[in-house]
Amino acid sequence: MTSSSDRSPAVDVLSTRTYEIRTYGCQMNVHDSERLAGLLEDAGYVRAPEDSDGEADVVVFNTCAVRENADNKLYGNLGHLAPKKASRPGMQIAVGGCLAQKDRDTIVKRAPWVDVVFGTHNIGKLPVLLERARVQEEAQVEIAESLEAFPSTLPTRRESAYAAWVSISVGCNNTCTFCIVPALRGKEKDRRPGDILAEIEALVAEGVSEVTLLGQNVNAYGSDIGDREAFSKLLRACGTIDGLERVRFTSPHPRDFTDDVIAAMAETPNVMPQLHMPLQSGSDPVLKAMRRSYRQERFLGIIEKVRAAIPHAAISTDIIVGFPGETEEDFQQTLHVVREARFAQAFTFQYSKRPGTPAADMDGQIPKKVVQERYERLVALQEEISWEENKKQVGRTLELMVAEGEGRKDDTTHRLSGRAPDNRLVHFTKPGQEVRPGDVVTVEVTYAAPHHLLAEGPVLDVRRTRAGDAWEKRAAEKAAKPAGVLLGLPKVGVPEPLPAVTGGCAVD
């Protein structure tokens, strides 16, 4: 522990204290940050304005350990806050997430002005640890080795009023040589199906119309509870929830992507025609070195089956370029799979050493110049394919769920933006009538770019939804209380009706 001289002096806690959360990394970290916000608001904190730039009373870093320089970025940000903290009595800084789980013993040594360090398994302790650090005037470092409570059971401040993450499992049983997540998130642990469905029903009662089922290896769901078809059953059960319009999931693993899952996707109307399937490499030798338990033929076979069952499915992927030992022939095999699979989108990464992973110590580390050149070739190919696949959407009539904050140029172009069922981003002409985030509009696609579509004609139809009502209600509450509102812990059981007027890791 650090001495009390490194702490900020105690302050009057009766005044309203503000908080800011800075999130790095995967969707699981985003999910965790929503719970951290809920916990803090449940404890009486209020959210700081978005432009506060470290002026909040409590600044929380929810960290990622996937990238090689993740620690340098964290300590740079902590260093930036050090003088602010020294000049502001009572300000507190907390560090959580995967990097905190990994570097538990070094954070307060390198940054003695940090008040709280907590891990991936005990995010529910943050308010208690902050109060303990304030009272005792010394840093509190508490890292649990196993999960104390599923994040989804904690109070929540969701970023969206109409869409929500729902965690169905935590942890991962895979041993991919490039990934440190299993060491930090632990072995896979599944939630009970009844608990998951009860949470979704409660979210729908609040106005949510889209959920994304979340897991480090989401389609392995069931391994912990002994049911190999549990994930497909869960998808089908989501189809019976009245008012739930869209269901998505991320990220699956090709090893566990079975025919019953494909059938459930095709036969459940509210499961969207979208699939994110991480490839990582198209080379069998590289996949073996990565300890990925599938090969090129298996991967392409899954894509073929999905396209046969769901012809309009948009398939995206993750690819790592320059894994240790990758030859030009290995890279050519990756390009071959990209050409065959015709991904709508690919998240491409240049391999970088992840401290603590087997790949970091492998022979055959590829020179940066070679990795960069291969990366540029891959990006150019995928850009070409993405554009060609998007052009096929021109002339189609699509139902879009109106989004909030996804069209960066919407204000200047006088457009709105929304997501198609296959998750493509579509910018559309603003109609004469009011349209709210969460509402659904029908448009005809008139133009395609590599990363978005345009619907430049008039909106064909506007459907006001309960999700739009929920967004409108939240907007009104936010206007009355600028710091935001706590949506609270979803209730278990039959959801109450809405009022008449009421929104993997980086590489799996």
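A quick note: this is a predicted structure, and the numbers were derived from the prediction, not measured.

Attention now goes to the UniProt feature "binding site: [4Fe-4S] cluster 2" (unreviewed entry) in the protein chain. If you check UniProt for "binding site: [4Fe-4S] cluster 2" (unreviewed entry), the listed places come out as Cys 172, Cys 176 and Cys 179 in our numbering. Looking at where Cys 172 falls in the secondary structure, it is placed in the loop between strand 8 (169-170) and helix 6 (181-185). Residue Cys 172 is classed as buried on the basis of its relative accessible area of 8%. Setting aside anything within four residues of it in sequence, one finds Cys 172 in contact with Pro 182, Gly 186, Lys 187, Glu 188, Gln 216 and Asn 217.

One recurring pattern in soluble globular proteins is that nonpolar side chains are buried together. The biggest cluster of nonpolar side chains holds 67 residues, and the ones touching the most others in it are Ile 200, Leu 213, Phe 231, Leu 235, Phe 249, Phe 257 and Val 306. Beyond its immediate chain neighbours, meaning those up to four positions away, Phe 249 contacts Thr 212, Leu 213, Val 218, Phe 231, Leu 235, Phe 257, Met 265 and Leu 275. In this structure, Ala 48, Ala 100, Val 114 and Val 117 belong to the second largest nonpolar core, which totals 24 residues.

Strands sit in the order 12-13-14 across an open sheet of three strands; the sheet is parallel. Each of the sheet's edge strands pairs with one partner strand only, and the pair in question is strand 12 (274-276) and strand 14 (345-350). Each neighbouring strand pair of the sheet contributes to a mean axis angle of 10°, computed without reference to strand direction. Pairing analysis gives three bridges linking strand 12 to strand 13 (residues 314-321), with the strands arranged parallel. Bridging from a neighbouring strand, Leu 275 pairs with Ile 315 of strand 13. Contacts from helix 13 (residues 368-391) reach strand 13 and strand 14 within the one sheet, and its direction differs from that of strand 14 by about 175°.

Moving on, we come to helix 5 (residues 126-136). Those residues of helix 5 that sit buried are Leu 126, Pro 127, Leu 129, Leu 130 and Ala 133. Buried residues in helix 5, looked at end-on, bunch into an arc of 165°, giving them a common side. Elements in contact with the buried residues of helix 5: helix 1 (27-42), strand 3 (58-63), strand 4 (92-97), strand 5 (116-118) and strand 6 (140-142). Two residues or fewer after helix 5 comes Glu 137, characterised by a positive phi angle close to 55°.

The subject of this paragraph is the confidence of the model for the protein chain. Per-chain confidence: the protein chain averages 87 in pLDDT, with 89% of residues scoring 70 or above. Considering only residues more than four positions removed or in separate chains, one finds that residues 1-14, a stretch of pLDDT under 50, has 35 contacts. Considering only residues more than four positions removed or in separate chains, one finds that residues 482-508, a stretch of pLDDT under 50, has 82 contacts.

Reading guide: rules and limits
- Residues numbered from 1 in each chain as written.
- Predicted model: local features only at pLDDT ≥ 70, side-chain atom pairs only at ≥ 80, totals over all residues.
- Heavy atoms only, no water.
- UniProt positions renumbered as here; feature names shortened; annotations may be inferred.
- Helix = DSSP H or I, 4+ residues; strand = E, 2+ residues; numbered from the N terminus.
- Buried < 20%, exposed > 50% of the residue type's maximum accessible area, 1.4 Å probe, protein only.
- Contact = heavy atoms within 4.5 Å.
- Core = buried A, V, L, I, M, F, W, Y, C linked by side-chain atoms within 4.5 Å.
- Pairing = 2+ DSSP bridges.
- Axes fitted to C-alpha atoms, helices over the stretch in contact; angles between N-to-C directions.
- Arc of directions from axis to C-beta.
- pLDDT = per-residue confidence, 0-100.

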